[in-house]
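Observations on chain architecture
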Amino acid sequence: MITVADMKFHAPEDPNDHLWSETNYFSFHIPEAQLNGNIYSLFRPTLGVMTSFIHIWAGKSNNHQGALYSDGRTHLPIPPSQDLDDYTLANGLHVQVLPDNGGTRDYRIDYLGYDNSELHLEFRGLMEPYDIHDPDMDPLASSGVATWSDAYKNGHFDMTAHVTGECRLHGKSYAVDCVSTMDHSWGARAECNINNMSWFHSSWGKERTIHCIFMLDPYGLGEAYGQFMHGYVMENGEVYGIKSAHGTAQRDGLMQEALDIIVADVRDRTFKFSGKSIAHNQWNGWPGLCVYHTLMEWQLDGEIGYGECQDL
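Residues numbered from 1 in each chain as written. Predicted model: local features only at pLDDT ≥ 70, side-chain atom pairs only at ≥ 80, totals over all residues. Heavy atoms only, no water.

Attention shifts here to the overall build of the chain. Counting its secondary structure elements, the chain contains 0 helices and 19 strands. The globule rule puts the C-alpha radius of gyration for 312 residues at 20 Å, and the 18 Å found for the chain is close to it. A principal-axis box enclosing the C-alpha atoms of the chain has dimensions of 50 × 45 × 40 Å. Split into buried and exposed, the 312 residues of the chain put 55% on the buried side. Sequence-distant contacts, at least 24 apart, represent 56% of the contacts inside the chain between residues at least 6 apart. A total accessible area of about 12200 Å² is found for the chain, and carbon and sulfur atoms account for 47% of it. For the chain, the distance from the average position of its 19 positive side-chain charges to the average position of its 42 negative side-chain charges is 4 Å. (Helix = DSSP H or I, 4+ residues; strand = E, 2+ residues; numbered from the N terminus. Rg over C-alpha atoms; globule rule 2.2 N^0.38 Å. Buried < 20%, exposed > 50% of the residue type's maximum accessible area, 1.4 Å probe, protein only. Contact = heavy atoms within 4.5 Å. Areas by Shrake-Rupley, 256 points an atom, 1.4 Å probe, with all protein chains shown as cover. Lys, Arg positive; Asp, Glu negative; His and termini not counted. Charge placed at Lys NZ, Arg CZ, Asp CG, Glu CD.)

Centre-to-centre distance and the angle between the planes together describe a pair of aromatic rings. Enumeration over the complete set of coordinates arrives at 17 aromatic pairs. Aromatic pair F43 and Y87: ring centres 5.1 Å apart, planes at 80°, arrangement edge-to-face. With F43 in strand β2 (residues 35-44) and Y87 in strand β5 (residues 86-88), this pair connects stretches of sequence that are 44 residues apart. Among the aromatic residues, those joined into a ring-pair cluster are F200, W204, F214, Y225, F228, F273 and W298. Its guanidinium or amino end placed over the ring of Y240, R267 lies 3.7 Å from that ring's centre, counting from NZ or CZ. (Phe/Tyr/Trp six-rings, centres within 6.5 Å; stacked < 30°, edge-to-face > 60°. Lys NZ or Arg CZ within 6 Å of the ring centre and 35° of its normal.)

Let's shift gears to the side chain of D265. Tracing the chain through its elements places D265 in strand β16 (residues 255-265). For D265, a relative accessible area of 0% translates into the label buried. A polar side-chain atom of D265 sits 2.7 Å from a polar atom in the side chain of R267. In this structure, D265 is in contact with V233, Y240, G241, I242, K243 and F271, ignoring residues within four places of it in sequence. (Polar contact = N/O pair within 3.5 Å; in protein donor to acceptor, adjacent residues only side chain to side chain.)

In structure tokens:
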């Protein structure tokens, strides 16, 4: 179970372990503009340094340089006397956990960037944070199923939220009103030679989201995704862990163009849904991480939804 204490830094197992990390990830999208954006921070508290990335793209581009806006900092100081529930970085990013809903579900994000570009967003959780290590939430938590390398071993949660606010890029303002999914993890995280994975979510308004994490071998498995690791179905604020899932992807090189996914949750309800890319880009969250990142238009029983897919 995730508590308000998990909104702050966690004590590393070894205070001298330079690989110990904490991450925050937030995203938003504007489908009518074929625009997707993410706000990602990786902290290494034992070193006192961090990486922070604001990366936004519109339409389809297969390389990092095709982004609409990108601000990636690989060496920022972790602000002294600040914690993960309220921090302000030297790149102009401010993230604050709001006290509403027990202090675990709601966030405020403000970012003042370059070239008349800003973000002012609120993430209002539509559910409790989904703890992949809690067997009361995740049916695979006690089954010995693999997590993603050691990065998820100590702690990881995902949470679907209603995102509203403003995105201004190079002087042009966009209204943001979407449903997206954020995450937070803590543990040892190597900088290279880590496992591949796929992390994606599909949302049909505030009423339903399906979120999945798969192992991934884009070279060895062809179109098929690998072992299913974790995920949930959220319907009208209630969350049901997924107990099995499989899927395939159609790709242009390594970039996913279309997905077909089938999941079964703890109610034995089965969902078969498919997605097609309406915007994609490649971004490097840190030197050893290459993300093929798409904004998907999803279909479930004829209903259209949206959400992102990250193949890492």
